[in-house]
Amino acid sequence: MARFLRLGVLPIVVWVLGGCAGARSYNLRPPLWEAADRDSIPLPQERDVSEYYDFFENTFLPQLERGLSLPRYLRRWTGHPHQSRDVNSLDEVVNSTWYTNRHYLLPMTPGEIARGPNTGIGPDTSGVWTVTRGDKKGVTPGFWIRDPAGQIYILKFDPPGYPELSSAAEVVSTKLFYAAGYNVPENFIVSFRRDRLQVGEEARFTTEVGVRRPMTGADLEGILEQAGTWQGDRYRALASKFLPGVPRGQFSYVGRRGDDPNDLIPHEDRRSLRALRVLAAWLNHVDTRTHNTMDMYQPQGGYLVHYLIDFGSTLGSSGDRAKFGWEGYEAQWDNGLILRDLLTFGFLSRAWDERKVIRYPSVGQLRWEDFEPGAWKPYYPNPAFQNLTSRDGYWGAKIVTSFGEEDIRAAVASGQLSDPAAEAYLVRALVERRDRMGRYWFRRVAPLDRFALEGDRLRFVDLAVTRGLESGEGQSYQYATAGVDPQGPTGGPHPVDPQVGVPLVELPEGVTRVDLRKRWPRQWSPPVRVFIWRDGERLRIVGITRED
Amino acid sequence: MRMGRFLLLLILLPTSVRAQEGGGPTVDDLFLLPFRVAFFPLRIFALGLKEGITFAEDHRLFNRVHYAATFLHDHGVFLRPGGLGDGAGPGGRLDIDSAALFSSPVRAVLSAGASFRNYQFYQIGVGLPGGLANSRLTVFGGYRLKTEENFFGLGSRSQPGDRSDFTLEESSAGGQWTTPLGPLRFLAGLRYRDFNIRRGQDDGIPDTQDRFGGTPVPGLGIGTTFLVPEAELVLDLRDDPVLPNRGLWAMIRAENYDGLRGRGFEFGRFGAEVRGYLPLGRPRRVLALRARAEVTDARAPGSVPFYLFPRLGSHDTLRGLRRDRLRDLDAALLTAEYRYPIWRHMDAVLFLEAGNVYGDLFDEFDLDHLELSYGGGVRILGRDGGVMLRLEIGASPERTNFILKFGESF
């Protein structure tokens, strides 16, 4: 039997797990902060992923295959899931055409958060806006304009009966996603009178059935009538500035783009996309699908930049209405829940489905009382989200919790809700959801962070405590050391106070691993491993890994 | 050989989107290879679906269909699948309703339908005020063709192996007067019904004339014409007629068939049905019960043509039996359905049915001699909240049926 195990099963397990063996946990070279993904490439082909097929593709067959993937289960059970590949030796995401470290590593002021990606103040109001394109295919009315400065914007209106809902949600989320580090369009709230608009001579209109024809004043009136006025004779809309570059279609949350040589990491293995689930859950961005992304080719540099677009279905908005009770709690077609309900003969209820909390039409439905970060679901499975590990989740949570109440208030203020009570409610919802997010992830991975060498000590902070999620009472910390290169003796565990730090005076030459753990009243956290290199008198952190 | 290699390549390489996107095979891909071989037909289907959906989106076909359907609906034209009765096979019907075109107390409805089995249905109806408040008088005329009607012989002892088929053609005309009385609705009418019987069109089974030509089956090969006065009383106490959660529905009906053509065909028919809906704590979790009986008053032996006998065995009655498996003068049926929601737009159902046919229901009914059917399935709900499509499996000691049917069972 033992021989069988040695010869048969063990090699298979090793082979399966071998697929997840990552690189060495530390690197003596300075940590990488910029990805080399801005090489000049030929203009990639434009692609248009089918909206409906994307739903089918992600909902059915791949989910079946995922359920049958024994190697995946083995890796998860043995604590060796495929870790993200766009991170550096300090377990941080590298800046790239996908992501730029902003608020967590380089704290932004509330003013900077409120400004977000905006480089101006929106459409130029010194003259009329020329309507260049209209479309009647969507549920939310809208059209394209060119302002006197020649800049193109897409104007989108709020759904009837819910003034300010989707425009506010879109702007607020844009600011927060930008501060979190993602590439997003410049979105503005605008209000204008009818005489601000004129239909351009070259304007085209697409009817419900796809017929393109010259746009008329009647077409514009139809859209405006559908939109309805906001205050008096003014219309309120979201103005989304056309992204810079040449549009090349959506990116997928799985695989790589074949015609982009800079795209070296499978998208489902990017932490910036995996941990987007954490931010999306916080902001209730249920519509995180391929169709709401955009690759833009930058002619100056000759590379693609990857954007998240269309945040109309975030917070309490579902784009063309307020969110229903189930949104965020189950997928549009939820294989697991349907099977559960089928096999339990309807005895288990979907309590969330029957709840409806719409206190302010301009906020829609954004609950926090029953928000469970781990159970949150987008409209349909996102392959990058499904690869989320605890480390990725922790990374996302530390970004989410880096937004203080003032930061959130500043972002919410940019949504220009006319009712102060609605604005206060939205701030509270985001603060409560943020805290729930932090408490969830900071229990799965030790929330010890911001490691720094000060003199001969390794200092760190407990994010759960510094962010007010835990009081610190009944908690303690300990560390242990082990020589890694060269292999050396182990020491500890010893208690340690974060404010005092781990003493490093007796650290030998070479690389030593310092394992830090946090103790809650009833359990120890998994360790955070900090690799410290002593080169003579010089000490340097050369690696951080977090166990989960 | 080349085709084999091509198929193998299709299985090995583009079995995941990631592979299509330029990623190489991984440990997981290799492990999943056997499953992917097994799922290969699904993958091919998915690829076809992708092309189809992409084409439809590129050409805005979904928008066009929706727009066209909305346009037609707004102009009183309703297209819907099914609607030709059990056994018709894939088909659809078209209704043109004047009420959507103009407001008038007189309402005209023109209907037509056809299926791949050449079942056909045409009808024109004109409704007008019936004199009393909310009462309506409807006059109508129509034609119906059923090309593959089943016949297994008469009585509960007929054998499944005796299956045969025939074509039934019916022309009808008449008038009905209906009036609501609170939760009650009363109907009185007179119909002219003309039947012709021809050879069945299912080549896989013998024609009824060939199979039963040597046995005394009333009406075999004989056309008949009847004048049918009828009366019906319905009590409707359901909370929602589209998808009831609670309440009661009951109906009694009487018809008299006076033969105008054919030798001595004359009989009366009485029917009663009660449906109850018991809510079980949640919306759409319901125990639905139904009891139904039909009794024929044959004025003389052989006075009822076999194609007008009460029948059991269909997508709504004894779903584990073949269509029209049982025929006799009387019939009784009991159904229990446990319905529960599994999705916003889908319910699941478990059902148990018991019933049989009798020469005389009151003399022969015996709980120990009921044919049983049981099964379950799912029901897709439409925009109006009602059942749009049923996908069910019905089983009985005789066979198992897979059922795809538009509309609610009861």
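Residues numbered from 1 in each chain as written. Chains lettered and ligands numbered in written order. Predicted model: local features only at pLDDT ≥ 70, side-chain atom pairs only at ≥ 80, totals over all residues. Heavy atoms only, no water.

Trainee: What exactly am I supposed to notice about helix H6 (residues 61-74) of chain B here?
Mentor: Along an α-helix, residues three or four positions apart point the same way, because every turn accommodates 3.6 residues. Helix length check: H6(B) (14 residues) gives 19 Å between terminal C-alpha atoms against 20 Å at 1.5 Å per residue, within 8%. Gly76(B) lies just past H6(B) and shows a positive phi near 80 degrees. (Helix = DSSP H or I, 4+ residues; strand = E, 2+ residues; numbered from the N terminus. Expected span 1.5 Å × (residues − 1).)

Trainee: Sorry if this is basic, but what is going on with the packing of helix H13 (residues 390-400) of chain A against helix H15 (residues 420-441) of chain A here?
Mentor: Pairs of packed helices are described in terms of their axes, by the angle between the two and the distance that separates them. Residues and elements named next belong to chain A. Here H13 crosses H15 at 145 degrees, and the two axes come no closer than 9 Å. Between H13 and H15 the crossing geometry is left-handed. Residues Ser390, Gly393, Tyr394, Ala397 and Val400 of H13 form the contact with H15, whose participating residues are Arg434, Met437 and Trp441. Broken down by class, the residue content of the contact of H13 with H15 amounts to five nonpolar, two polar and one charged. (Axes fitted to C-alpha atoms, helices over the stretch in contact; angles between N-to-C directions. Left-handed = near helix turned anticlockwise from the far one by under 90°. Contact = heavy atoms within 4.5 Å. Nonpolar A, V, L, I, M, F, W, Y, C, P; charged D, E, K, R; others polar.)

Trainee: Any chance you could explain the pairing of strand E5 (residues 197-206) of chain A here in plain terms?
Mentor: Side-chain direction in a regular strand flips from residue to residue, so the side chains alternate between the two faces of the sheet. Residue and element names in this part refer to chain A. Looking at chain direction, strand E1 (residues 129-135) and E5 are connected through six bridges and run parallel. Residue Gly134 lies in a different strand from E5, and its bridge partner there is Phe205. Across three bridges, E5 lies against strand E6 (residues 212-214) in antiparallel orientation. Within the sheet, the bridge partner assigned to Thr206 lies in E6 and is Arg212. (Pairing = 2+ DSSP bridges.)

Trainee: Please explain the interface of chain A and chain B as it appears in this structure.
Mentor: One widely used convention gives an interface's size as the accessible area the parts lose upon coming together. On the side of chain B, 38 residues touch chain A, which itself brings 49 residues to the contact. Taken together, both faces of the contact between chain A and chain B bury some 3,900 Å²; the carbon and sulfur share is 61%. Considering only the surface of chain A that becomes buried against chain B, Tyr53(A), Glu65(A) and Val209(A) emerge as the three largest contributors, covering 16% of it. Inspection of the chain A/chain B interface yields four salt bridges. (Buried area = accessible area lost by both parts, 1.4 Å probe. Salt bridge = Lys/Arg side-chain N within 4 Å of Asp/Glu carboxyl O.)

Trainee: So what exactly am I meant to see when it comes to H13(A) here?
Mentor: Counting buried residues along H13(A), eleven of its eleven residues qualify, which places the element largely inside the surrounding structure. All of the buried residues in H13(A) are Ser390(A), Arg391(A), Asp392(A), Gly393(A), Tyr394(A), Trp395(A), Gly396(A), Ala397(A), Lys398(A), Ile399(A) and Val400(A). (Buried < 20%, exposed > 50% of the residue type's maximum accessible area, 1.4 Å probe, protein only.)

Trainee: I'm lost on the side chain of Arg344(B) in this one. Help?
Mentor: Inspection of the secondary structure puts Arg344(B) in the loop between strand E14 (330-343) and strand E15 (346-358). Reaching out from Arg344(B), the side chain makes a polar contact with the side chain of Glu330(A) at a distance of 2.8 Å. Among the polar contacts listed, one links the side chain of Arg344(B) to the backbone oxygen of Gln332(A), at a separation of 2.9 Å. For Arg344(B), the residues in contact, after removing those within four places along its chain, are Trp326(A), Glu330(A), Ala331(A), Gln332(A), Asp353(A), Arg284(B) and Leu381(B). (Polar contact = N/O pair within 3.5 Å; in protein donor to acceptor, adjacent residues only side chain to side chain.)

Trainee: Hey, could you run me through the packing of aromatic side chains in this one?
Mentor: Geometry of an aromatic ring pair is reported as the spacing of the ring centres plus the angle between the planes. In total, this model carries 46 aromatic pairs over all chains according to the counting rule given. Ring geometry for Phe151(B) against Phe306(B): centres 4.6 Å apart, planes inclined by 55 degrees, an arrangement best described as tilted. Of this pair, Phe151(B) sits in strand E5 (residues 136-151) while Phe306(B) sits in the loop between strand E11 (286-298) and strand E12 (311-312), placing them 155 residues apart in sequence. Overall, the relative accessible area of 0% leaves Phe151(B) in the buried class. Put simply, the rings of Phe151(B), Phe166(B), Phe195(B), Phe212(B), Phe226(B), Tyr257(B), Phe267(B), Phe306(B) and Tyr307(B) pair up and form one aromatic cluster. One cation-aromatic arrangement involves Arg433(A) over Phe371(A); the distance from NZ or CZ to the ring centre is 3.9 Å. (Phe/Tyr/Trp six-rings, centres within 6.5 Å; stacked < 30°, edge-to-face > 60°. Lys NZ or Arg CZ within 6 Å of the ring centre and 35° of its normal.)

Trainee: What exactly am I supposed to notice about the nonpolar core here?
Mentor: Note that soluble globular proteins tend to have their nonpolar side chains buried in a common cluster. Residue and element names in this part refer to chain A. Core analysis: the largest hydrophobic core is formed by 79 residues, its most contacted members being Phe177, Tyr182, Trp282, Phe403 and Leu430. Per-element accounting of this core gives the leading share, nine residues, to H15. The next biggest cluster of nonpolar side chains, apart from the first, holds 21 residues, and it includes Val190, Phe192, Leu197 and Ala227. (Core = buried A, V, L, I, M, F, W, Y, C linked by side-chain atoms within 4.5 Å.)

Trainee: Is there a simple way to explain the confidence of the model for chain B in this structure?
Mentor: Reading predicted coordinates in detail is not appropriate for stretches of low pLDDT. Residue and element names in this part refer to chain B. Across chain B, the average pLDDT comes to 90, with 94% of residues at or above 70. This model gives residues 13-22 a pLDDT under 50, and the stretch forms 29 contacts once residues within four places in sequence are excluded. Under the prediction, the complex receives an ipTM of 0.84, its pTM being 0.87. (pLDDT = per-residue confidence, 0-100.)

Trainee: Can you walk me through the sheet that holds strand E15 (residues 502-503) of chain A in this structure?
Mentor: Strand pairing in a sheet relies on backbone hydrogen bonds. The paired strands run either parallel or antiparallel. Residue and element names in this part refer to chain A. Across the sheet, which stays open at both edges, the three strands sit in the order E11-E12-E15 with antiparallel pairing between neighbours. Here the strands that pair on one side only, and so sit at the sheet edges, are strand E11 (448-454) and E15. Both strand E12 (residues 457-462) and E15 contribute to a ladder of two bridges, which runs antiparallel. When the bridges of E15 are listed, Leu458 appears paired with Val502.

Trainee: How do you make sense of unusual backbone geometry when you look at a structure like this?
Mentor: Excluding glycine, a negative phi dihedral is what most residues carry, and trans is how most peptide bonds are arranged. Residue and element names in this part refer to chain A. Put simply, Asp485 and Pro486 share a cis peptide bond, and its omega is 5 degrees. Relative to the helices and strands, Pro486 is located in the loop between strand E13 (476-485) and strand E14 (487-495). For Gln416, which is not glycine, the phi torsion reads 50 degrees and is therefore positive. Take Gln416: it is sitting in the loop between helix H14 (405-413) and H15. The exposure class of Gln416 is partly exposed, given its relative accessible area of 43%.

Trainee: Got a minute to help me understand the environment of Pro163(A) in this structure?
Mentor: All names here are of chain A. If you trace the backbone, Pro163 turns up in the loop between strand E3 (152-157) and helix H6 (165-180). On a C-alpha basis, the gap between Pro163 and Leu43 in space is 41 Å, while along the polypeptide they are 120 residues apart. Here Pro163 is in contact with Asp158, Trp230 and Ser362, once residues within four sequence places are set aside.

Trainee: I keep staring at the sheet that holds strand E10 (residues 303-308) of chain A and nothing clicks. Help me out?
Mentor: Residues and elements named next belong to chain A. Across the sheet, three strands lie side by side as E8-E9-E10; this open sheet has antiparallel pairing. For this open sheet the edge positions go to strand E8 (246-247) and E10, each flanked by a neighbour on one side alone. The sheet contact formed by E8 and strand E9 (residues 293-298) spans two bridges and is antiparallel. Looking across to E9, one finds that Val246 is bridged to Tyr297.

Trainee: What should I look at first to understand empty space enclosed by the protein in this one?
Mentor: Here the idea is plain: a probe the size of a water molecule rolls over the atoms and shows the empty space left. All names here are of chain A. Tallied over the entire structure, the rule returns seven cavities of 30 Å³ or more. As a volume, the largest cavity reaches approximately 60 Å³. Residue lining of the largest cavity: Asn284, Phe324, Gly325, Glu327, Tyr329, Gln365, Leu366, Arg367 and Arg433, and that is the complete set. (1 Å grid on protein atoms, 1.4 Å probe; cavity = no way out; pocket = protein on both sides within 12 Å on 5 of 7 lines; lining within 4 Å. Points joined across faces, edges and corners; volume = space filled by probe spheres on them.)

Trainee: What is the right way to read the pattern of salt bridges from this model?
Mentor: Close approach of charged atoms allows side chains with opposite charge to pair. Residues and elements named next belong to chain B. Enumeration according to the criterion identifies 82 salt bridges over all chains in this entry. Glu148 is the partner of Arg117 in a salt bridge, and the nearest nitrogen-oxygen pair spans 3.7 Å. One end of the pair, Arg117, is in the loop between strand E3 (107-115) and strand E4 (120-129); the other, Glu148, is in strand E5, with 31 residues separating them in the sequence. When the shortest N-O distance is used, the salt bridge between Glu266 and Arg299 registers 3.6 Å. Taken together, the positions of Glu266 in strand E10 (residues 266-279) and Arg299 in the loop between E11 and E12 put the pair 33 residues apart, joining distant regions of the chain. Given a relative accessible area of 40%, Arg299 falls into the partly exposed group. By sharing partners, the salt bridges in this structure join Asp86, Arg290, Asp316, Arg319, Glu337, Arg339, Glu353, Arg379, Arg390, Glu392, Lys405 and Glu408 into a single network.

Trainee: Hey, could you run me through the pairing of strand E18 (residues 400-406) of chain B in this one?
Mentor: All names here are of chain B. Judged by which residues are buried, E18 turns out to be one-sided: Asn401, Ile403 and Lys405 face inward and are buried, whereas Thr400, Phe402, Leu404 and Phe406, on the alternate face, are not. For strand E17 (residues 387-395) and E18, the ladder comprises seven bridges, and the chain directions are antiparallel. Looking at the pairing, Ile393 lines up with Phe402 of E18. Taken together, E17 and the strand that follows it, E18, pair antiparallel across an intervening segment of four residues.

Trainee: Which parts of the structure should I look at to understand the confidence of the model for chain A?
Mentor: Confidence in the prediction for chain A averages 91 pLDDT; 95% of positions are at 70 or higher. Counting contacts from residues 14-22 of chain A, a segment whose pLDDT is below 50, to residues more than four positions away or on other chains yields 16 contacts.

Trainee: Any chance you could explain the environment of Val349(B) here in plain terms?
Mentor: Residues and elements named next belong to chain B. Here Val349 shows up in strand E15. According to the relative accessible area criterion, Val349 is buried, its value standing at 2%. Along the sequence, Val349 and Tyr338 sit eleven residues apart, while their C-alpha atoms lie 5.5 Å from each other.

Trainee: Would you take a moment to explain a nonpolar patch on the surface for this structure?
Mentor: Nonpolar side chains collect at one region of the surface, where Tyr52(A), Phe56(A), Phe60(A) and Phe62(B) lie side by side and expose about 350 Å² of accessible area between them. Position of Phe60(A) among the secondary structure elements: in the loop between helix H2 (51-59) and helix H3 (61-68). (Patch = residues over 30% accessible without salt bridge, like charges linked within 9 Å, V, L, I, M, F, W, Y side chains within 5 Å. Areas by Shrake-Rupley, 256 points an atom, 1.4 Å probe, with all protein chains shown as cover.)

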